[in-house]
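# Structural description and commentary
Listed below are the residues making up each chain.
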Amino acid sequence: MATTRAQQPFVSDSIRSRLGRGVLLCDPYKLNEFLKGKAKGRDLTNVFFCDAAKNVFSEGIAVALFDHSFEECKVTVRNAHSKSNLTGALGLVSDGWILESTRGELVMCSADALLFWNPFEMDEDPQRFIRFSIPQGWYQVTVRLEERNDDDQKWEDNAEFVFTRKRARPKFSATPFAVNASKEVVVSGSDPKPAEKTPV
C-alpha cells in the first residue's frame, strides 16, 4: 500500500518558455561534476543539444520535454504510485529516460535557463529554477503530455514526469531530439498530432 508521502507529487508548478519550448529536470550537482565544476554562469545550450554518445541525458543528469505547444506548461513531478494530475487524453508519452538524484535535490526549469545557468540563484523575479527534494538514488522516468484541446481556453500545456525508483542504474533508451521521439498514444476516434519542436 502506498504511503501518504508517496501519494503526493514531489513538485507541481508552471514553467514558462519564452525563447523556445522546453522543460528540463536536472540534478545540478551531477551536472556541475559532469562539466568539471564549470557549469555556473555558462551558456549550456550546446551541452544539452549535442549528439555526443555520452551526454547529460544518457548519463542520467537531466530529463527533457520538448513537445509542448504553449508558452506556459503546468508540470507535475510524481512517484509512479501516486495519482496522475492529467485529466484529459494523453497526446504523447516518452519513456526510456533515466535520472539520478545524488544529493536529494533536483531543479526544474525551462530550456531558456540554459542561456545563463545558475540554479542556486535565490532572488530572481520571476524565479527561473524551481528546486525540490526527492529521495536519493536512480529513477526510470516517463514523460507524459496531455493532448492539446482546441476548445480549451487556458492556453497552457499540462505535463508530468513519472518517477519509478530503481536499485541500480537503469538502461537509457529515450530519443530526445529525433522527429516524433515521443511515443504517440492513439485515442479511440481521433488521431493525435505531435507538436512541432521549436529550436532553442
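Residues numbered from 1 in each chain as written. Predicted model: local features only at pLDDT ≥ 70, side-chain atom pairs only at ≥ 80, totals over all residues. Heavy atoms only, no water.

## Let's talk about a positive patch on the surface
What counts, and what does not: Residues enter patches when they are more than 30% accessible in relative terms and free of salt bridges; like-charged ones are connected within 9 Å and nonpolar ones (Val, Leu, Ile, Met, Phe, Trp, Tyr) within 5 Å. Using the Shrake-Rupley algorithm and a 1.4 Å probe, accessible areas are obtained, with residue cover drawn only from the displayed protein chains. Salt-bridge detection follows one rule: a side-chain nitrogen of Lys or Arg within 4 Å of a carboxyl oxygen of Asp or Glu. By the counting rule applied here, Lys and Arg register as positive and Asp and Glu as negative, while His and the ends of each chain are not counted. The atoms used to mark charge sites are NZ of Lys, CZ of Arg, CG of Asp and CD of Glu. Only DSSP runs of H or I covering at least 4 residues are called helices, and only runs of E covering at least 2 are called strands; the numbering of each starts at the N terminus. For the exposure calls, accessible area comes from a 1.4 Å probe over protein chains only, and a residue counts as buried if that area is under 20% of its type's maximum, exposed if over 50%, partly exposed in between.
Taken together, Lys36, Lys38, Arg42 and Lys54 make up a surface patch of like positive charges. Tracing the backbone shows Arg42 in the loop between helix H2 (28-34) and helix H3 (45-48). With relative accessibility at 33%, the residue Arg42 sits in the partly exposed group.

## Describing the sheet that holds strand E7 (residues 130-133)
Rule in force here: One requirement defines pairing of two strands: DSSP has to find at least two bridges between them. Only the stretch in contact is used when fitting a helix axis, every axis being a line fitted to C-alpha atoms; angles between N-to-C directions are given from 0 to 180 degrees.
Reading across from one edge, E3-E2-E6-E7 is the order of the four strands in this open sheet, with antiparallel pairing throughout. Looking along the sheet, the strands with just one partner apiece sit at the ends: strand E3 (62-65) and E7. The average angle at which neighbouring strand axes cross in this sheet is 20 degrees, direction not considered.

## Points about the side chain of Thr45
Condition: Residue contacts are counted whenever heavy atoms from the two residues lie within 4.5 Å of one another.
Position of Thr45 relative to the elements: it lies in helix H3. According to the relative accessible area criterion, Thr45 is buried, its value standing at 13%. Sequence-distant contacts of Thr45, defined by excluding residues within four places in its chain, comprise Leu114 and Leu115.

## As for the nonpolar core
Threshold: Buried Ala, Val, Leu, Ile, Met, Phe, Trp, Tyr and Cys residues that are joined via side-chain atoms within 4.5 Å together make up what is termed a nonpolar core.
Judged by nonpolar contacts, the single largest core of 45 residues is most densely connected at Leu31, Leu44, Phe48, Met108, Trp117, Phe161 and Phe163. With residues up to four places along the chain from it excluded, the contact list for Leu44 reads Leu31, Leu35, Ala39, Leu114 and Trp117.

## Focus: the pairing of strand E8 (residues 137-146)
Where burial is concerned, most of E8 is hidden: seven out of the 10 residues are buried. Here strand E5 (residues 90-101) runs beside E8; their pairing, made up of nine bridges, is antiparallel. Residue Leu92 lies in a different strand from E8, and its bridge partner there is Leu145. Examined bridge by bridge, E8 and strand E9 (residues 156-166) share eight bridges and lie antiparallel to one another. Across the sheet, residue Trp138 finds its bridge partner in E9, namely Lys166.

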